[in-house]
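Next come the chains, spelled out residue by residue.
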Amino acid sequence: MLTRSPLKLALLATATVAISLTAGCGGRGKIKDTAFVARDVDTLYRAAKDKLDSGDTRVAAALFDEVERQHPYSPWARRAQLMSAFSYYVAKDFTKSTQAAQRFLEIHPGNRDAAYAYYLIGLNYYEQISDVSRDQKNTKLAKDALTEVIRRYPNTRYASDAKLKLDLVNDHLAGKEMTIGRAYERSGKWLAAQLRFRNVVDQYQTTSHAPEALFRLVETNLVLGIPEEAQKAAAVLGTNYPGTEWYDKAYQLMQKHAPGTSAS
(Lines give C-alpha, C1' and ligand atoms only; values in the text may rest on other atoms or scores of the structure.)
Protein backbone atom coordinates (compact mmCIF):
# COMPACT_ATOMS: atom_id res chain seq x y z
CA MET A 1 0.00 0.00 0.00
CA LEU A 2 1.31 3.44 -0.81
CA THR A 3 2.16 5.70 2.12
CA ARG A 4 0.36 8.89 3.04
CA SER A 5 2.27 11.99 1.95
CA PRO A 6 2.69 15.09 4.19
CA LEU A 7 0.94 17.15 1.51
CA LYS A 8 -2.05 14.85 1.49
CA LEU A 9 -2.36 14.91 5.27
CA ALA A 10 -2.06 18.69 5.24
CA LEU A 11 -4.83 18.96 2.67
CA LEU A 12 -7.06 16.66 4.69
CA ALA A 13 -6.39 18.49 7.92
CA THR A 14 -7.01 21.91 6.38
CA ALA A 15 -10.23 20.85 4.71
CA THR A 16 -11.49 19.11 7.83
CA VAL A 17 -10.75 22.11 10.02
CA ALA A 18 -12.63 24.32 7.55
CA ILE A 19 -15.63 22.01 7.69
CA SER A 20 -15.64 21.74 11.46
CA LEU A 21 -15.17 25.46 12.07
CA THR A 22 -18.42 26.19 10.27
CA ALA A 23 -20.29 23.82 12.54
CA GLY A 24 -20.66 26.10 15.55
CA CYS A 25 -19.23 25.91 19.03
CA GLY A 26 -20.33 25.65 22.62
CA GLY A 27 -19.42 24.34 26.02
CA ARG A 28 -18.40 20.74 26.51
CA GLY A 29 -20.04 18.30 28.87
CA LYS A 30 -19.62 14.67 29.80
CA ILE A 31 -21.50 12.53 27.30
CA LYS A 32 -21.91 8.79 27.06
CA ASP A 33 -20.56 8.82 23.52
CA THR A 34 -21.34 5.24 22.59
CA ALA A 35 -25.00 5.41 23.67
CA PHE A 36 -26.73 6.55 20.50
CA VAL A 37 -29.81 8.04 22.10
CA ALA A 38 -31.70 11.09 20.87
CA ARG A 39 -29.80 14.32 21.56
CA ASP A 40 -29.88 17.86 20.31
CA VAL A 41 -27.77 18.38 17.21
CA ASP A 42 -25.26 20.75 18.85
CA THR A 43 -24.45 18.30 21.64
CA LEU A 44 -24.23 15.32 19.31
CA TYR A 45 -21.98 17.05 16.80
CA ARG A 46 -19.62 18.29 19.52
CA ALA A 47 -19.43 14.81 21.00
CA ALA A 48 -18.36 13.47 17.61
CA LYS A 49 -15.80 16.23 17.13
CA ASP A 50 -14.34 15.61 20.60
CA LYS A 51 -13.91 11.95 19.80
CA LEU A 52 -12.21 12.78 16.53
CA ASP A 53 -9.85 15.23 18.25
CA SER A 54 -8.93 12.59 20.82
CA GLY A 55 -8.13 10.02 18.12
CA ASP A 56 -11.13 7.75 18.70
CA THR A 57 -11.94 7.87 15.03
CA ARG A 58 -14.34 4.93 14.75
CA VAL A 59 -16.58 6.23 17.52
CA ALA A 60 -16.32 9.71 16.00
CA ALA A 61 -17.48 8.38 12.63
CA ALA A 62 -20.41 6.59 14.24
CA LEU A 63 -21.43 9.74 16.09
CA PHE A 64 -21.21 11.84 12.94
CA ASP A 65 -23.46 9.27 11.30
CA GLU A 66 -25.89 9.74 14.19
CA VAL A 67 -25.98 13.47 13.51
CA GLU A 68 -27.23 12.74 10.00
CA ARG A 69 -29.64 10.05 11.16
CA GLN A 70 -31.20 12.01 14.01
CA HIS A 71 -31.17 15.44 12.36
CA PRO A 72 -31.35 14.82 8.58
CA TYR A 73 -32.70 18.28 7.74
CA SER A 74 -30.19 20.23 9.83
CA PRO A 75 -27.24 22.05 8.23
CA TRP A 76 -25.16 19.97 10.61
CA ALA A 77 -26.15 16.80 8.73
CA ARG A 78 -24.33 17.95 5.60
CA ARG A 79 -21.18 18.76 7.58
CA ALA A 80 -21.42 15.52 9.51
CA GLN A 81 -21.43 13.48 6.31
CA LEU A 82 -18.01 14.75 5.32
CA MET A 83 -16.68 14.55 8.85
CA SER A 84 -17.86 10.95 8.97
CA ALA A 85 -16.08 10.23 5.69
CA PHE A 86 -12.89 11.80 7.04
CA SER A 87 -13.14 9.92 10.34
CA TYR A 88 -13.54 6.59 8.57
CA TYR A 89 -10.57 7.45 6.35
CA VAL A 90 -8.32 8.14 9.35
CA ALA A 91 -9.56 4.90 10.89
CA LYS A 92 -8.53 3.15 7.65
CA ASP A 93 -12.07 1.98 6.99
CA PHE A 94 -11.79 3.03 3.38
CA THR A 95 -14.99 1.36 2.21
CA LYS A 96 -17.18 3.25 4.68
CA SER A 97 -15.29 6.46 4.02
CA THR A 98 -15.98 6.13 0.29
CA GLN A 99 -19.64 5.35 0.92
CA ALA A 100 -20.02 8.43 3.13
CA ALA A 101 -18.32 10.69 0.58
CA GLN A 102 -20.42 9.28 -2.26
CA ARG A 103 -23.60 9.80 -0.25
CA PHE A 104 -22.59 13.41 0.32
CA LEU A 105 -22.11 13.92 -3.43
CA GLU A 106 -25.43 12.31 -4.26
CA ILE A 107 -27.29 14.63 -1.91
CA HIS A 108 -25.17 17.79 -2.31
CA PRO A 109 -23.52 17.61 -5.78
CA GLY A 110 -23.08 21.36 -6.05
CA ASN A 111 -21.84 22.00 -2.52
CA ARG A 112 -18.62 23.95 -2.09
CA ASP A 113 -17.06 20.94 -0.32
CA ALA A 114 -17.78 18.57 -3.24
CA ALA A 115 -14.16 18.86 -4.40
CA TYR A 116 -13.01 17.56 -1.05
CA ALA A 117 -15.46 14.64 -1.24
CA TYR A 118 -14.20 13.64 -4.69
CA TYR A 119 -10.60 13.96 -3.48
CA LEU A 120 -11.32 11.80 -0.43
CA ILE A 121 -12.79 9.06 -2.62
CA GLY A 122 -9.59 9.08 -4.67
CA LEU A 123 -7.49 8.79 -1.52
CA ASN A 124 -9.51 5.86 -0.25
CA TYR A 125 -8.77 3.87 -3.38
CA TYR A 126 -5.18 5.11 -3.45
CA GLU A 127 -4.58 3.79 0.07
CA GLN A 128 -5.72 0.33 -1.03
CA ILE A 129 -3.28 -0.05 -3.90
CA SER A 130 -1.64 -3.43 -3.54
CA ASP A 131 1.64 -4.95 -4.65
CA VAL A 132 2.01 -5.43 -8.42
CA SER A 133 1.83 -9.19 -7.92
CA ARG A 134 -1.82 -8.85 -6.85
CA ASP A 135 -5.04 -7.66 -8.50
CA GLN A 136 -4.98 -3.98 -9.42
CA LYS A 137 -8.71 -3.21 -9.26
CA ASN A 138 -8.21 -0.51 -6.59
CA THR A 139 -5.33 0.98 -8.56
CA LYS A 140 -7.61 1.46 -11.55
CA LEU A 141 -10.37 2.87 -9.35
CA ALA A 142 -7.85 5.28 -7.84
CA LYS A 143 -6.83 6.39 -11.32
CA ASP A 144 -10.45 7.03 -12.32
CA ALA A 145 -11.23 8.91 -9.09
CA LEU A 146 -8.09 11.07 -9.19
CA THR A 147 -8.68 11.85 -12.86
CA GLU A 148 -12.19 12.98 -11.95
CA VAL A 149 -10.80 15.40 -9.34
CA ILE A 150 -8.46 16.90 -11.92
CA ARG A 151 -11.22 17.16 -14.53
CA ARG A 152 -13.80 18.75 -12.26
CA TYR A 153 -11.56 21.00 -10.15
CA PRO A 154 -8.41 21.68 -12.20
CA ASN A 155 -7.34 24.83 -10.36
CA THR A 156 -7.64 23.54 -6.81
CA ARG A 157 -5.04 22.23 -4.39
CA TYR A 158 -6.84 18.88 -4.55
CA ALA A 159 -6.15 18.65 -8.28
CA SER A 160 -2.48 19.48 -7.73
CA ASP A 161 -2.07 16.64 -5.28
CA ALA A 162 -4.19 14.32 -7.43
CA LYS A 163 -1.79 14.91 -10.36
CA LEU A 164 1.17 13.81 -8.25
CA LYS A 165 -0.64 10.70 -7.12
CA LEU A 166 -1.83 9.94 -10.63
CA ASP A 167 1.79 9.75 -11.77
CA LEU A 168 2.47 7.15 -9.09
CA VAL A 169 -0.71 5.24 -9.96
CA ASN A 170 0.24 5.08 -13.64
CA ASP A 171 3.72 3.91 -12.72
CA HIS A 172 2.17 1.18 -10.60
CA LEU A 173 -0.13 0.05 -13.41
CA ALA A 174 2.80 0.00 -15.81
CA GLY A 175 4.73 -2.08 -13.30
CA LYS A 176 1.93 -4.62 -13.26
CA GLU A 177 2.01 -4.86 -17.06
CA MET A 178 5.78 -5.35 -16.96
CA THR A 179 5.51 -8.07 -14.32
CA ILE A 180 3.02 -10.01 -16.44
CA GLY A 181 5.03 -9.42 -19.60
CA ARG A 182 8.24 -10.73 -18.05
CA ALA A 183 6.41 -13.82 -16.82
CA TYR A 184 5.10 -14.52 -20.32
CA GLU A 185 8.57 -13.96 -21.73
CA ARG A 186 10.13 -16.44 -19.31
CA SER A 187 7.61 -19.08 -20.36
CA GLY A 188 8.22 -18.44 -24.05
CA LYS A 189 4.85 -16.80 -24.75
CA TRP A 190 6.41 -14.10 -26.87
CA LEU A 191 3.30 -12.63 -28.45
CA ALA A 192 1.50 -12.35 -25.12
CA ALA A 193 4.59 -10.76 -23.60
CA GLN A 194 4.89 -8.33 -26.47
CA LEU A 195 1.28 -7.21 -25.99
CA ARG A 196 2.00 -6.26 -22.38
CA PHE A 197 5.16 -4.36 -23.27
CA ARG A 198 3.30 -2.57 -26.05
CA ASN A 199 0.63 -1.51 -23.55
CA VAL A 200 3.29 0.15 -21.43
CA VAL A 201 4.78 2.00 -24.39
CA ASP A 202 1.37 3.14 -25.67
CA GLN A 203 -0.46 3.88 -22.40
CA TYR A 204 2.27 4.62 -19.85
CA GLN A 205 5.03 6.17 -21.91
CA THR A 206 5.84 8.79 -19.26
CA THR A 207 6.47 6.24 -16.50
CA SER A 208 9.78 4.84 -15.32
CA HIS A 209 9.00 1.51 -17.00
CA ALA A 210 8.94 2.83 -20.56
CA PRO A 211 12.68 2.30 -21.32
CA GLU A 212 12.60 -1.34 -20.26
CA ALA A 213 9.35 -1.90 -22.16
CA LEU A 214 11.02 -0.63 -25.35
CA PHE A 215 13.98 -2.92 -24.76
CA ARG A 216 11.64 -5.88 -24.26
CA LEU A 217 9.99 -5.04 -27.57
CA VAL A 218 13.39 -5.17 -29.22
CA GLU A 219 14.01 -8.51 -27.54
CA THR A 220 10.67 -10.12 -28.41
CA ASN A 221 10.68 -8.86 -32.00
CA LEU A 222 14.09 -10.36 -32.58
CA VAL A 223 12.96 -13.69 -31.15
CA LEU A 224 9.88 -13.60 -33.37
CA GLY A 225 12.06 -12.90 -36.40
CA ILE A 226 10.90 -9.34 -37.04
CA PRO A 227 14.15 -7.31 -37.02
CA GLU A 228 12.53 -4.31 -38.69
CA GLU A 229 10.12 -3.89 -35.75
CA ALA A 230 12.97 -4.46 -33.33
CA GLN A 231 14.86 -1.66 -35.05
CA LYS A 232 11.91 0.72 -34.66
CA ALA A 233 11.71 0.05 -30.93
CA ALA A 234 15.47 0.45 -30.57
CA ALA A 235 15.35 3.75 -32.47
CA VAL A 236 12.68 5.13 -30.15
CA LEU A 237 14.72 3.94 -27.19
CA GLY A 238 17.84 5.63 -28.53
CA THR A 239 16.02 8.89 -29.23
CA ASN A 240 14.28 9.17 -25.88
CA TYR A 241 16.60 7.32 -23.51
CA PRO A 242 20.14 7.51 -24.87
CA GLY A 243 22.89 6.40 -22.54
CA THR A 244 20.60 4.21 -20.43
CA GLU A 245 21.34 0.57 -19.64
CA TRP A 246 18.27 -0.44 -21.65
CA TYR A 247 19.53 1.32 -24.76
CA ASP A 248 22.98 -0.24 -24.32
CA LYS A 249 21.40 -3.70 -24.07
CA ALA A 250 19.20 -3.03 -27.10
CA TYR A 251 22.21 -1.88 -29.11
CA GLN A 252 24.12 -5.03 -28.22
CA LEU A 253 21.17 -7.25 -29.18
CA MET A 254 20.75 -5.50 -32.51
CA GLN A 255 24.47 -5.85 -33.26
CA LYS A 256 24.38 -9.53 -32.41
CA HIS A 257 21.13 -10.63 -34.01
CA ALA A 258 20.45 -8.02 -36.70
CA PRO A 259 23.83 -6.56 -37.68
CA GLY A 260 22.42 -5.22 -40.93
CA THR A 261 20.13 -2.80 -39.11
CA SER A 262 20.77 0.18 -36.88
CA ALA A 263 19.65 0.68 -33.27
CA SER A 264 19.47 4.45 -33.57
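Scroll up to find the structure.
Throughout this description, residue numbers start from 1 for each chain and increase along the sequence as written. Totals for whole chains, interfaces and linings use every residue, but because this is a predicted model, local features are given only for residues with pLDDT of at least 70 and side-chain atom pairs only at 80 or more, for both listing and counting. Side-chain numbers here rest on the full set of heavy atoms in the structure, without hydrogens or water.

A few words now on helix α10 (residues 210-223). Every α-helix carries 3.6 residues per turn, so stepping three or four residues along brings you back to the same face. An ideal rise of 1.5 Å per residue puts 20 Å on 14 residues; α10 measures up with 20 Å between its terminal C-alpha atoms. We call a residue buried when its accessible area falls under 20% of the maximum for its residue type, exposed when it is over 50%, and partly exposed in between, using a 1.4 Å probe and counting protein chains only. The numbering of helices and of strands both runs from the N terminus, where a helix is a DSSP run of H or I of at least 4 residues and a strand a run of E of at least 2. With 12 of its 14 residues buried, α10 lies for the most part within the structure. If you check which residues of α10 are buried, you get A210, P211, E212, A213, L214, F215, R216, L217, V218, T220, N221 and L222. We call two residues in contact when some of their heavy atoms are within 4.5 Å. Taken together, the buried residues of α10 touch α8 (157-186), α9 (190-203), α11 (227-240) and α12 (245-257). Downstream of α10 by a residue or two, G225 has a phi angle that is positive, lying close to 80°. What a helix should span is 1.5 Å times the count of its residues minus one.

A word on the packing of aromatic side chains. Stacked, tilted and edge-to-face are the three classes applied to pairs of Phe, Tyr and Trp rings, where Trp contributes its six-membered ring and a pair requires centres within 6.5 Å; stacked means planes under 30 degrees apart, edge-to-face means over 60, and tilted covers the rest. This structure, assessed with the given rule, holds eight aromatic pairs. Taking the centre distance of 5.3 Å and the plane angle of 70° together, the rings of Y45 and F64 count as edge-to-face. Of the two residues, Y45 sits in helix α2 (residues 41-53) while F64 sits in helix α3 (residues 57-70), which places them 19 residues apart along the sequence. On the basis of relative accessibility, which here comes to 3%, the residue Y45 falls in the buried class. Ring centres 5.4 Å apart and planes at 40° place the aromatic pair F215 and W246 in the tilted group. On the criterion of sequence distance, the pair formed by F215 in helix α10 and W246 in helix α12 is long-range, its members being 31 residues apart. Here F215 and W246 have matching classes, each one buried. Among the aromatic residues, ring-to-ring pairing joins Y45, F64 and W76 into one connected group. Above the face of the Y126 ring, K165 is positioned so that its terminal group lies 5.6 Å from the ring centre. Only when the NZ atom of a Lys or the CZ atom of an Arg is both within 6 Å of the ring centre and within 35 degrees of the ring normal do we say a charge sits over the ring.

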